[in-house]
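# Descriptive analysis of the structure
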Amino acid sequence: MTFDRKIKIAPSILSADFANFGAEIRAIEAQGADWVHVDVMDGHFVPNLTFGPPAVKAFRPHVKTFMDVHLMIAPVDPFIEAYADAGADLITAHIEAGPHIHRTLQAIRATGKKAGVSLNPGTPAESIEHLLDLLDMVLVMSVNPGFGGQKFIPSAIEKTRKVRAMIGDRPIHIQIDGGVDPTTVGPLVAAGADCFVAGSAVFKGGSVDRPEVYGANIRAIRAAAMAAL
Ligand code: DX5
Ligand code: ZN
């Protein structure tokens, strides 16, 4: 994957039909998704429980674009290999998940996958200062992680501006995750973000039988993002 800062929409399958992941992944990709965002939750780091490595392995053959795996788990190091083997293209770990984020990112890179770090709303942008050479992406959380459909936290906008300034011209994506929709995406683009996770804003009103709704929702987010460039 060559790096570019083109606007990317990454629907989160946390908002998909849990009885139909293969069909849902194929549907969002057919309807314009750039990446597929997989929210891994362990019921410890966040108060919810989702996908183990076998589930992610089952998703893999349906993903033709890019499988972006967001690990909301602690500890994270014991599971990096398993999610890499399951087929993740990029693995994001939370800086808050343990004392050794630098080593965690080295371990992700050692698997040959792209490496991302995620910052919860209370974690300062400056905390990535000594990680920049190990990063392919910074994920700025705009909700407290654990669930889809939560309210956007506006302080993510200023934090994105700070992260963008720290990155300079390094090939590092800035991804925003949580409460992204056509009304919140514009200021985030203006602040320097290029990748947008959206769960409820993509899946709402649609289904595998009505995938055109997914397409309309993705286009609405993309249009609002492009308008802010
Ligand atoms: C929250 C997850 C997000 C969530 C986004 O912990 O990391 O990816 O699924 O859902 P929406 O877009 O509905 O806020
Ligand atoms: Zn996520």
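Below is a summary of the structure that appears in this document. (Residues numbered from 1 in each chain as written. Chains lettered and ligands numbered in written order. Predicted model: local features only at pLDDT ≥ 70, side-chain atom pairs only at ≥ 80, totals over all residues. Heavy atoms only, no water.)

Moving on to the packing of aromatic side chains. Going through the model one piece at a time under the given rule, you end up with 7 aromatic pairs. Ring centres 4.9 Å apart and planes at 55° place the aromatic pair F21 and F59 in the tilted group. Here F59 lies in helix α2 (residues 53–59) and F21 lies in helix α1 (residues 21–30), a separation of 38 residues in the sequence. The same class applies to F21 and to F59, which are both buried. Here the aromatic rings of F203 and Y214 are separated by 5.0 Å at their centres, their planes lie at 70°, and the arrangement is edge-to-face. With a gap of 11 residues between them, F203 in helix α7 (residues 200–203) and Y214 in helix α8 (residues 211–227) connect regions that are remote in the sequence. Judged on exposure class, the residue F203 and its partner Y214 are both buried. Taken together, the ring pairs connect F18, F21, F51 and F59 into an aromatic cluster. (Phe/Tyr/Trp six-rings, centres within 6.5 Å; stacked < 30°, edge-to-face > 60°. Helix = DSSP H or I, 4+ residues; strand = E, 2+ residues; numbered from the N terminus. Buried < 20%, exposed > 50% of the residue type's maximum accessible area, 1.4 Å probe, protein only.)

The next point concerns the coordination of the zinc ion (ligand 2). Around the zinc ion (ligand 2), the donor atoms from the protein are H37 (NE2), D39 (OD), H70 (ND1) and D177 (OD), and they sit 2.0 to 2.3 Å away. All donors of the zinc ion (ligand 2) belong to a single chain; written as a sequence motif, their spacing is H-x1-D-x30-H-x106-D. Of this pair, H70 sits in strand β3 (residues 67–72) while D177 sits in strand β7 (residues 173–177), and the two are 107 residues apart along the sequence. Look at H70 and you get buried, because its relative accessible area is 0%. With relative accessibility at 7%, the residue D177 sits in the buried group. (Donors = N, O, S within 2.8 Å, 3.2 Å for Na, K, Ca; no water.)

Right, let's talk about the sheet that holds strand β6 (residues 137–141) for a bit. With respect to topology, 8 strands assemble into an open sheet ordered β1-β8-β7-β6-β5-β4-β3-β2, the strand pairing being parallel. Both outer strands of the open sheet, β1 (8–11) and β2 (36–41), are each paired with one neighbouring strand and no more. Between one strand and the next, the sheet's axes are offset by a mean angle of 25°, whatever the strand orientation. In this sheet, strand β8 (residues 195–198) lies alongside β7 in parallel orientation, the contact comprising 3 bridges. Each bridged residue has a counterpart across the sheet, and for D177 the counterpart in β8 is V197. (Pairing = 2+ DSSP bridges. Axes fitted to C-alpha atoms, helices over the stretch in contact; angles between N-to-C directions.)

What follows concerns the site of ligand 1. The full set close to ligand 1 counts 20 residues, and D39, G146, D177, G199 and S200 are the nearest of them. G146 places a main-chain nitrogen or oxygen 2.7 Å from an oxygen atom of ligand 1. Here an oxygen atom of ligand 1 sits 2.5 Å away from a polar atom, N or O, in the side chain of D177. When the free accessible area of ligand 1 is taken as 380 Å², the share hidden by the protein chains comes to 100%. Counting atoms within 2 Å of the grid points, the majority share of ligand 1 lands in the largest pocket. The greatest single-element share of the shell around ligand 1, amounting to 3 residues, is contributed by β2. Considering only residue class, the shell around ligand 1 consists of 8 nonpolar, 10 polar and 2 charged. (Near = heavy atom within 4 Å. Polar contact = N/O pair within 3.5 Å; in protein donor to acceptor, adjacent residues only side chain to side chain. Areas by Shrake-Rupley, 256 points an atom, 1.4 Å probe, with all protein chains shown as cover. 1 Å grid on protein atoms, 1.4 Å probe; cavity = no way out; pocket = protein on both sides within 12 Å on 5 of 7 lines; lining within 4 Å. Sits in = over half its atoms within 2 Å of the grid points. Nonpolar A, V, L, I, M, F, W, Y, C, P; charged D, E, K, R; others polar.)

Remember that the coordinates give geometry; whether it matters functionally is a separate question.
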